[in-house]
Number of protein chains: 2
Amino acid sequence: MDEYEFEQFLHKQIPITKEMGINVIEFTPLRVKMSAKLEPNLNHKCTAFGGSINSLMTVCGWAMVYANIKEIDKDAHIVIQKSSINYLAPIDKDFIAECILLDEISRKKFFEMYNRHSKARLKLKVTCIDENLLLAEYEGQYVAFK
Amino acid sequence: MDEYEFEQFLHKQIPITKEMGINVIEFTPLRVKMSAKLEPNLNHKCTAFGGSINSLMTVCGWAMVYANIKEIDKDAHIVIQKSSINYLAPIDKDFIAECILLDEISRKKFFEMYNRHSKARLKLKVTCIDENLLLAEYEGQYVAFK
């Protein structure tokens, strides 16, 4: 699935992502990057609503699990268990979330666990950065299961 | 501001809350309760999207700070600093978030701090419960400032 196909899939499967103006910029098992429009996600201070920032980051992490698990099981289910987020600076333009899976060991462990127990957890960090300024940092724990 | 007025205010100030079908059920300085429609917040598993659950709970906590701080300063600003959430069970119907401020001491401290420093933090717990079943639990830290 390429960026465009995953974006279409996302808009169909989680319709609020379309309302939020979410676009998929990069979709690979090592890096997922997606943006949201500011306008549909405005808050009372004309910056991005915290809930929308969280939604973008939640979907970004979910997409990373998806990009990986579908390599070994196209029927795998993925759900989020928990997450935490720090809002570090107000966002006054379209914003981008990025999830990078640099840790090949975690990835292998995740696959091993999934193959052995038909279930595996993955903790992922997602960031919102604008020109070296960290706007929000997020950590989510996702579970893939058969 | 009564429930209806706050709902109108919310839909205008944070338009995605209208898209999510958020309704304000109770809006007092001791209890805030609001619901979201399942349909606009569906995910790929035909249950509520985690990001939308988080958005409802974020707004619910924000509304609680609003209901309190506006008693002493109608021009106060409120932003969210951080939050964490546990998704405990899938949600397959319209869902309700509730924030209760039973702790009168925290409330007094919050007001004292705000009056002394023109800024104060409040940590709030929000729950999503359906017939005694805890569906999601959330904690958010908000800041009110002049």
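Just above, that's the structure.
Let us look at the structure shown here.

Rules used in this analysis
- Residues numbered from 1 in each chain as written.
- Chains lettered and ligands numbered in written order.
- Predicted model: local features only at pLDDT ≥ 70, side-chain atom pairs only at ≥ 80, totals over all residues.
- Helix = DSSP H or I, 4+ residues; strand = E, 2+ residues; numbered from the N terminus.
- Rg over C-alpha atoms; globule rule 2.2 N^0.38 Å.
- Buried ≥ 20, exposed ≤ 12 C-beta atoms within 10 Å, placed from the backbone.
- Axes fitted to C-alpha atoms, helices over the stretch in contact; angles between N-to-C directions.
- Parallel < 35°, antiparallel > 145°, perpendicular 65-115°, else oblique.
- Left-handed = near helix turned anticlockwise from the far one by under 90°.
- Contact = placed C-beta atoms within 7 Å.
- Nonpolar A, V, L, I, M, F, W, Y, C, P; charged D, E, K, R; others polar.
- Pairing = 2+ DSSP bridges.
- Core = buried A, V, L, I, M, F, W, Y, C linked by C-beta atoms within 7 Å.
- Expected span 1.5 Å × (residues − 1).
- Least-squares fit on C-alpha atoms with pLDDT ≥ 70 in both.

With that settled, consider the overall build of chain A. For chain A, the count of helices and strands is 4 helices and 6 strands. Listing every helix and strand of chain A by position from the N terminus yields α-α-β-β-α-β-β-α-β-β. Its C-alpha atoms give chain A a radius of gyration of 15 Å, near enough to 15 Å, the size a compact globule of 146 residues would have. In chain A, which comprises 146 residues, the proportion classed as buried is 41%.

We now examine the packing of helix 3 (residues 50-72) of chain A against helix 3 (residues 50-72) of chain B. At a closest axis distance of 8 Å, the pairing of helix 3 of chain A and helix 3 of chain B adopts a crossing angle of 160°. Here helix 3 of chain A lies roughly antiparallel to helix 3 of chain B, going by the angle between them. As helix 3 of chain A packs across helix 3 of chain B, the resulting crossing turns out to be right-handed. Counted together, Gly-50, Gly-51, Ser-52, Asn-54, Ser-55, Thr-58 and Val-59 of chain A of helix 3 of chain A and Gly-50, Gly-51, Ser-52, Asn-54, Ser-55, Thr-58 and Val-59 of chain B of helix 3 of chain B form the full contact between these two elements. Residue composition of the contact of helix 3 of chain A with helix 3 of chain B, grouped by class: 2 nonpolar, 12 polar and no charged.

Residues and elements named next belong to chain B. Looking at chain direction, strand 4 (residues 95-100) and strand 5 (residues 119-130) are connected through 3 bridges and run antiparallel. When the bridges of strand 5 are listed, Ala-97 appears paired with Cys-128. Two successive antiparallel strands, strand 5 and strand 6 (residues 133-145), enclose a turn made up of 2 residues, where Glu-131 displays a positive phi of approximately 50°.

Attention now goes to the interface of chain A and chain B. Between chain A and chain B, the residue contacts involve 27 residues of the former and 27 residues of the latter. Here the residues of the side of chain A that touches chain B sort into 11 nonpolar, 14 polar and 2 charged. For strand 3 (residues 77-87) of chain A and strand 3 (residues 77-87) of chain B, the ladder comprises 5 bridges, and the chain directions are antiparallel. Looking at the pairing, Ser-83 of chain A lines up with Ile-85 of chain B of strand 3 of chain B.

Attention now moves to the nonpolar core. Counting 92 residues, the largest nonpolar core has Met-57 and Cys-60 of chain A together with Met-57 and Cys-60 of chain B as the members making the most contacts within it. Those residues in contact with Cys-60 of chain A that lie beyond four places of it in its chain are Val-32, Met-34, Ala-97, Cys-99 and Val-126 of chain A.

The end-to-end C-alpha separation of helix 3 of chain B is 34 Å, in line with the 33 Å expected for 23 residues at 1.5 Å each. Burial analysis of helix 3 of chain B places 20 of its 23 residues in the buried class, the great majority of the element.

Looking now at the relation of the copies chain A and chain B. Put simply, the two copies of the chain differ by a rotation about an axis and a shift along that axis. Taken as rigid bodies, chain A and chain B are interconverted by a rotation of 180° and an axial shift of 0.0 Å, the fit giving an RMSD of 0.0 Å. These values place the two chain copies in the arrangement generated by a two-fold rotation axis. It is Ser-84 of chain A whose C-alpha, among those of chain A, lies nearest the rotation axis, at 2.0 Å.

Another aspect to go through is the sheet that holds strand 5 (residues 119-130) of chain A. Read from one edge of the open sheet, 12 strands run 1(A)-2(A)-4(A)-5(A)-6(A)-3(A)-3(B)-6(B)-5(B)-4(B)-2(B)-1(B), paired in antiparallel fashion. Bordering the open sheet on either side are strand 1 (23-27) of chain A together with strand 1 (23-27) of chain B, each of which pairs with just one other strand. Strand-to-strand twist across the sheet, computed as the mean angle between neighbouring axes with direction ignored, equals 20°. Relative to strand 6 (residues 133-145) of chain A, strand 5 of chain A runs antiparallel, the two being bridged by 12 bridges. By the bridge assignment for strand 6 of chain A, Leu-124 of chain A is matched with Gly-140 of chain A. Sheet contacts for helix 4 (residues 104-117) of chain A: strand 5 and strand 6 of chain A; angle to strand 5 of chain A, the most-contacted strand, approximately 150°.

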